[in-house]
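# Chains, contacts and geometry: an overview
Listed below are the residues making up each chain.
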Amino acid sequence: MSRLAYAILTGLIGAAFLHIVIILALPQFTGKDAYTRVVAEGRANRFWSLGSDPHGPRLANIDPFLKVAVCHFDISESPIRLSGQGQARFWSLALFDKDSNEIFSMNDHTSVDGTLDVLAASAGQLALIRKALPEGLMQTIFVELARPAGYAVLRVMAPQASYEEPAAQFLKEAGCQPFRLG
């Protein structure tokens with residue numbers, strides 16, 4: 001009787017493990033993982049504002065109180081500089097690697113003077129920048145990325161109609177551009 005119970009228990013644990021592996025691996029096989037969907041929004045190194053249609057072909061922003069934009073990048077050749085300033089009520093930025101692991105996040109309350117100024121780079125690129133820190137990077141927040149490809153999600157709060165225009169303008173003017181070394 002104990003051999004039968006042991007065999008059943010082993011089978012159940014194995015099946016549970018297999019199901020978990022399949023569920024976690026599914027986005028990689030379907031092409032519907034977050035990174036692939038962000039890449040489909042448009043060319044790299046530019047913030048793309050999300051629409052509000054959850055049934056459309058593009059990514060959608062379903063929170064009525066937030067305006068959202070995404071930018072995908074690859075720092076293999078050069079770091080990426082994320083910037084923004086304006087009259088936004090509240091903004092937040094999150095950086096993700098290609099596998100959608102969150103690497104870094106901040107908001108206007110944790111930034112210098114409420115301004116978005118982040119430089120994401122590899123360890124080697126950051127070492128070169130820090131050797132001869134340009135004047136324009138004195139207030140910049142540096143983020144080290146272990147992997148070159150990733151994406152940024154920029155959210156701006158717009159809880160009332162009067163906040164929508166400044167939020168949209170903040171996203172429109174936000175930068176996600178390569179930073180030239182040297």
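It should be emphasised that the depicted structure is a prediction, and the values quoted were computed from it without experimental measurement. (Residues numbered from 1 in each chain as written. Predicted model: local features only at pLDDT ≥ 70, side-chain atom pairs only at ≥ 80, totals over all residues. Heavy atoms only, no water.)

Taking strand neighbours across the sheet as the criterion, the five strands line up as E1-E2-E8-E4-E5 in an open arrangement whose pairing is antiparallel. Looking at which strands have only one partner, the edges of the open sheet turn out to be strand E1 (48-49) and strand E5 (102-107). In this structure, strand E4 (residues 91-97) lies alongside E5, joined through five bridges in antiparallel fashion. Residue pairing across strands places Ala94 opposite Ser105, the latter belonging to E5. Contacts between helix H4 (residues 161-173) and the sheet are confined to E1, strand E2 (66-74), E4 and strand E8 (149-157), with E8 contributing the most and set at about 160° to the helix. (Pairing = 2+ DSSP bridges. Helix = DSSP H or I, 4+ residues; strand = E, 2+ residues; numbered from the N terminus. Contact = heavy atoms within 4.5 Å. Axes fitted to C-alpha atoms, helices over the stretch in contact; angles between N-to-C directions.)

Right, let's get into the pairing of E8. The buried fraction of E8 is high, at seven of nine residues. As defined by bridge partners, E2 adjoins E8 across nine bridges and the pair is classed as antiparallel. Counted as the bridge partner of Val68 is Arg155 from E8. (Buried < 20%, exposed > 50% of the residue type's maximum accessible area, 1.4 Å probe, protein only.)

Okay, the sheet that holds strand E9 (residues 175-178) next. Strand pairing in a sheet relies on backbone hydrogen bonds. The paired strands run either parallel or antiparallel. With mixed pairing, the four strands of this open sheet are ordered in space as E7-E6-E3-E9. The open sheet has two free edges, formed respectively by strand E7 (141-144) and E9, since each of these has just one partner strand. Neighbouring strand axes in the sheet, compared pairwise and without regard to direction, differ in orientation by 20° on average. Across the sheet, helix H3 (residues 123-131) lies against strand E6 (116-121) and E7, angled at about 150° from E7, the strand it touches most.

It is worth spelling out H4 at this point. All of the buried residues in H4 are Ala167, Phe170 and Leu171. Along the axis of H4, the buried positions cluster into a sector of 95°, meaning they face one direction only. Opposite the buried face of H4, by more than 90 degrees, sit the exposed residues Ala161, Ser162, Glu165 and Lys172. Against E1, E2, strand E3 (80-84), E4 and E8 lie the buried residues of H4. (Arc of directions from axis to C-beta.)

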